[in-house]
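Here is what each chain is made of, one letter per residue.
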Amino acid sequence: TKVQTLSFQIYTGGAPAFVVDESTGEEERNHECEGLHSYGRPETSEKLQCYLGLEDTAEDVKTRLTIMQDAVEKAYTISSKDDSALKIFLAPEFFFRGVNGAFGLLREEEEDEINGGCSDICQILRGLEMLVADKRFEDWLFLFGTVIASEVLDDDG
């Protein structure tokens, strides 16, 4: 059995909320985090981080799918064209996470009003499906990683 693994690397964690100015040695806000309102701390660090992405989540999804499409196309270009070889494409973990660290899940009634009944999560799944529907990917296995999602619960209190 022949197997070829193809993957791409991109940092998917948060950006440091504060950085040290090299000229003064002073700690200052990271310009990459300006205007962002989602911060967190990784389990292994006390350093505050912000999540990068576009405020318009539909545009964020579209941009991430474009990056993924580019990676898939580049992988195809360099891949073995031997039909008997299984090609495995590995995407970075947490690539689909959004500016708030997660894409929001919508209630069914909300989903019907947005994007023709297709939420951000739905757009990601449809986009990935369309990416790999081509016959040339018949001998491929795609592992696109995790889509991070969150849900706002009703306050019945």
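Refer to the structure printed above.
Summarised in this report is the structure supplied together with it. None of the values given here were measured: they were computed from a predicted structure. (Residues numbered from 1 in each chain as written. Predicted model: local features only at pLDDT ≥ 70, side-chain atom pairs only at ≥ 80, totals over all residues. Heavy atoms only, no water.)

Overview of the packing of aromatic side chains
Any aromatic ring pair is given by two values, namely how distant the centres are and how the planes are angled relative to each other.
Phase 1: Applying the stated criterion across every chain, the model contains eleven aromatic pairs.
Phase 2: Seen in terms of ring centroids, Tyr-76 and Phe-137 are 5.7 Å apart; in terms of plane orientation they differ by 80°. Their pairing is edge-to-face. Placement of the pair is Tyr-76 in helix H1 (residues 57-78) and Phe-137 in the loop between helix H3 (120-132) and strand S9 (140-143), with a sequence separation of 61 residues.
Phase 3: Arranged with centres 6.0 Å apart and planes meeting at 55°, the rings of Phe-89 and Phe-144 form a pair that is tilted. Note that Phe-89 is positioned in strand S7 (residues 85-90) and Phe-144 in the loop between S9 and strand S10 (149-150), a separation of 55 residues in sequence. With respect to burial, Phe-89 and Phe-144 carry one shared label: buried. (Phe/Tyr/Trp six-rings, centres within 6.5 Å; stacked < 30°, edge-to-face > 60°. Helix = DSSP H or I, 4+ residues; strand = E, 2+ residues; numbered from the N terminus. Buried < 20%, exposed > 50% of the residue type's maximum accessible area, 1.4 Å probe, protein only.)

Considerations on the nonpolar core
Phase 1: Met-68, Phe-89, Phe-96, Leu-128, Trp-140, Phe-142 and Phe-144 are the most contacted members of the largest nonpolar core, which totals 20 residues.
Phase 2: Only H1, H3 and S9 provide two or more residues apiece to this core.
Phase 3: The greatest single-element share of this core, amounting to six residues, is contributed by H1.
Phase 4: Within the second largest apolar cluster, five residues are counted, among which are Ala-15, Cys-33, Leu-36 and Cys-50. (Core = buried A, V, L, I, M, F, W, Y, C linked by side-chain atoms within 4.5 Å.)

Section: H3
Phase 1: For H3, built from 13 residues, the straight-helix expectation of 18 Å at 1.5 Å per residue is met to within 8% by its first-to-last C-alpha distance of 19 Å.
Phase 2: Turning to H3, its buried residues are Asp-120, Ile-121, Cys-122, Ile-124, Gly-127, Leu-128 and Leu-131. (Expected span 1.5 Å × (residues − 1).)

What about the pattern of salt bridges?
Close approach of charged atoms allows side chains with opposite charge to pair.
Phase 1: Applying the stated criterion across every chain yields a total of six salt bridges.
Phase 2: Among the salt bridges present, the one from Arg-136 reaches Glu-73, with a minimum N-O distance of 2.5 Å. Of this pair, Arg-136 sits in the loop between H3 and S9 while Glu-73 sits in helix H1, placing them 63 residues apart in sequence.
Phase 3: On the basis of relative accessible area, Arg-136 is assigned to the partly exposed category, the value being 28%. (Salt bridge = Lys/Arg side-chain N within 4 Å of Asp/Glu carboxyl O.)

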